Amino acid sequence: MSDRDEARPRAPRTTPPAREARAPMRFTVVLRTPARATEPLFARAPKAWQRVLPYVVLGVCVLSLLPATIAVLTNDYEAGGGWAGALGVAQTVPLLLAVTRPLPAWAIVLVADTVGAVVLTHADKVAGHAWPWTPMSIVGYLALMICLGLRESIRTLIGVWLVTGAVGVVLGFFEPDGVTTTAALLFVLSGSFLAVTGALRGVGDAQQRIAEQESISEAERARRTLLEERARIARELHDVVAHHMSVITVQADSAPYRLPGMAEPVREEFAAIAASARESLSEMRRLLTVLRSDGNGSRDGHGSGDGDGGAAAGPGGASELAPQPGIGRLQQLVEATVRAGQPVELSLAAGAERAAPPAVDLSAYRIVQEALANVVRHAPGAETRVSVTHDAEEVLVLVVNGPAARDAVVEPGASGTGHGLVGMQERVRLTGGTLDTGPLPDGGFRVAARLPLNDASEDAS
């Protein structure tokens, strides 16, 4: 069988150092480009504090830079109280807009910083101070560069950087005497900030694309597993249906000899029945050829793990010529599992094999086979009980195991093929029954399948 891991939570295999190493990679996903133009930065972060973080950081910047800018322009440059207040507001408050619209915020701040540089050319104490960009305007501008780098495209970032340098060059023609020029400083720092944050955003985008691709691959893998399991079940049911069709053919062909004196119209009717049956068998063989066109087949391709012969060879192998197993062979299956070292107790109701139609008979056997293989894989040495009972309406298959033996060694990398629960569900759905699987409080596992006896094939259709 395969993996019960689909229903039983598995202990994480990642060691603490590995988890710590992955933490920076998880944070880069938070830095990915927002999906919509007006979506805030970090809007899709998994934690609330991460989503609020941009507002908090920029709010602190505004509250710190606004009074500092006004004080520096008033006291150091002596630009005048009115100009200092207006420039302080224009250069800092637009930072709050950068959370959702960093490009318009950058345009507003750049214009305000440029106007401020022009105003400072006429300030009383501009000599000996930074110009055209004041220290406070540089800090606010770099905060904008971070927001831009986390959101805009590479082409936009290059354009912002070049415009910043161009404005600095133009202002250089009006440079007052004795100032400390900061145009080159802002040009270099803004380029560095844009490069770093743009690279981080690119890593976040790449991580997001990888996660989306893995999700698509997982869905495709689940779909492929389902189709493979359905094809395997169809190949097995072919044997069941072919047997009945062969019986019909033989009975129809032999009827004139077994029942002498049969009227000619009746003979022709039996001949037509035999011809139809033979034609149906031919069509079924063609269908089976299509199902086996993969070259390897997957009939019991995930294996039983019990040595019972459930795993067939490839198509055309000797095991494919053997009759399909059923409830009557459960005793052999359990004995083979016990010989492998797994304690199993079987309770088989009398008459269950005769009461079950072929599809239910085969499905019951395969469900037990899958369940026992899973116990061997994931709970070696666990006490296991197999029960098959029936009444007038259904067959109940129950497989319950306890926790693995204390001295048992479970291979940590044993993940199986993923066919187990899928195969059980498909077989139960085929017969129109129900399946209940899940872990038990003591660490064991339970598989319970109800397979109806009446009109199973009609219910499945």
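Quick note: structure is the one above.
An account of the accompanying structure is given in this report.

What counts and how
Residues numbered from 1 in each chain as written. Predicted model: local features only at pLDDT ≥ 70, side-chain atom pairs only at ≥ 80, totals over all residues. Heavy atoms only, no water. Helix = DSSP H or I, 4+ residues; strand = E, 2+ residues; numbered from the N terminus. Expected span 1.5 Å × (residues − 1). Buried < 20%, exposed > 50% of the residue type's maximum accessible area, 1.4 Å probe, protein only. Arc of directions from axis to C-beta. Phe/Tyr/Trp six-rings, centres within 6.5 Å; stacked < 30°, edge-to-face > 60°. Salt bridge = Lys/Arg side-chain N within 4 Å of Asp/Glu carboxyl O. Pairing = 2+ DSSP bridges. Axes fitted to C-alpha atoms, helices over the stretch in contact; angles between N-to-C directions. Contact = heavy atoms within 4.5 Å. Parallel < 35°, antiparallel > 145°, perpendicular 65-115°, else oblique. Left-handed = near helix turned anticlockwise from the far one by under 90°.

**Some thoughts on helix α6 (residues 154-172)**
Taking 1.5 Å of rise per residue, 19 residues should cover 27 Å, and α6 covers 27 Å from first to last C-alpha, within 8% of that figure. Inspection of α6 places Leu-157, Val-160, Thr-164, Gly-165, Val-167, Gly-168 and Leu-171 among the buried residues, and these make up the whole buried set. End-on, the buried residues of α6 take up no more than an arc of 155°, which puts them together on one face. Within α6, the exposed residues directed more than 90 degrees away from the buried face are Arg-155 and Val-169.

**Points about the packing of aromatic side chains**
Scanning the entire structure with this criterion turns up one aromatic pair. Measuring from centroid to centroid gives 4.4 Å for Trp-161 and Phe-187, while their planes differ by 10°, and the two rings are stacked. Here Phe-187 lies in helix α7 (residues 183-258) and Trp-161 lies in helix α6, a separation of 26 residues in the sequence. By relative accessible area, Phe-187 is classed as partly exposed at 27%.

**Description of the pattern of salt bridges**
The final tally for this structure, using the stated rule, is five salt bridges. The partner of Glu-78 in a salt bridge is Lys-125, and the shortest N-O contact between them spans 2.9 Å. A residue pair is termed long-range when its members are at least 10 positions apart, and Glu-78 in the loop between α2 (48-76) and α3 (81-92) and Lys-125 in the loop between α4 (102-120) and β1 (130-131) qualify at 47 residues. Residue class for Lys-125 comes out partly exposed when judged on its relative accessible area of 41%.

**Looking at the sheet that holds strand β6 (residues 434-439)**
In any sheet, the strands associate via hydrogen bonds between backbone groups, in a parallel or an antiparallel arrangement. The five strands lie next to each other as β3-β4-β5-β7-β6, forming an open sheet whose pairing is mixed. For this open sheet the edge positions go to β3 (344-348) and β6, each flanked by a neighbour on one side alone. Strand after strand, the sheet turns through a mean of 5° between neighbouring axes, direction not considered. Summarising the sheet, strand β5 (residues 394-401) and strand β7 (residues 445-452) pair through eight bridges and their orientation is antiparallel. Within the sheet, the bridge partner assigned to Val-395 lies in β7 and is Leu-451. Packing against the sheet, helix α11 (residues 358-378) makes contact with β3, β4 (384-390), β5 and β7, and its axis sits at approximately 175° to β7.

**Things to note about α11**
For α11, spanning 21 residues, the distance from its first C-alpha to its last is 30 Å, which sits close to the expected 30 Å at 1.5 Å a residue. Extensive coverage of α11 is indicated by the burial of 17 of its 21 residues.

**What about the packing of α3 against α4?**
Between α3 and α4, whose axes approach to 8 Å, the crossing angle comes to 155°. Of the possible angle classes, the one that applies to α3 and α4 is roughly antiparallel. Of the two possible hands of crossing, α3 and α4 adopt the one that is left-handed. Packed against α3, whose contacting residues are Trp-83, Leu-87, Ala-90 and Gln-91, the element α4 presents Ile-108, Val-109, Ala-112, Asp-113, Val-115, Gly-116 and Val-119 at the interface.

**Quick word on the packing of α4 against α6**
Contact geometry for α4 and α6: axes closest at 11 Å, N-to-C directions at 10°. In this view, α4 runs roughly parallel relative to α6, as classed from their interaxial angle. Contact residues: α4 offers Leu-103, Trp-106, Leu-110, Thr-114, Ala-117 and Val-118, while α6 offers Thr-156, Val-160, Val-163, Thr-164, Val-167 and Leu-171.

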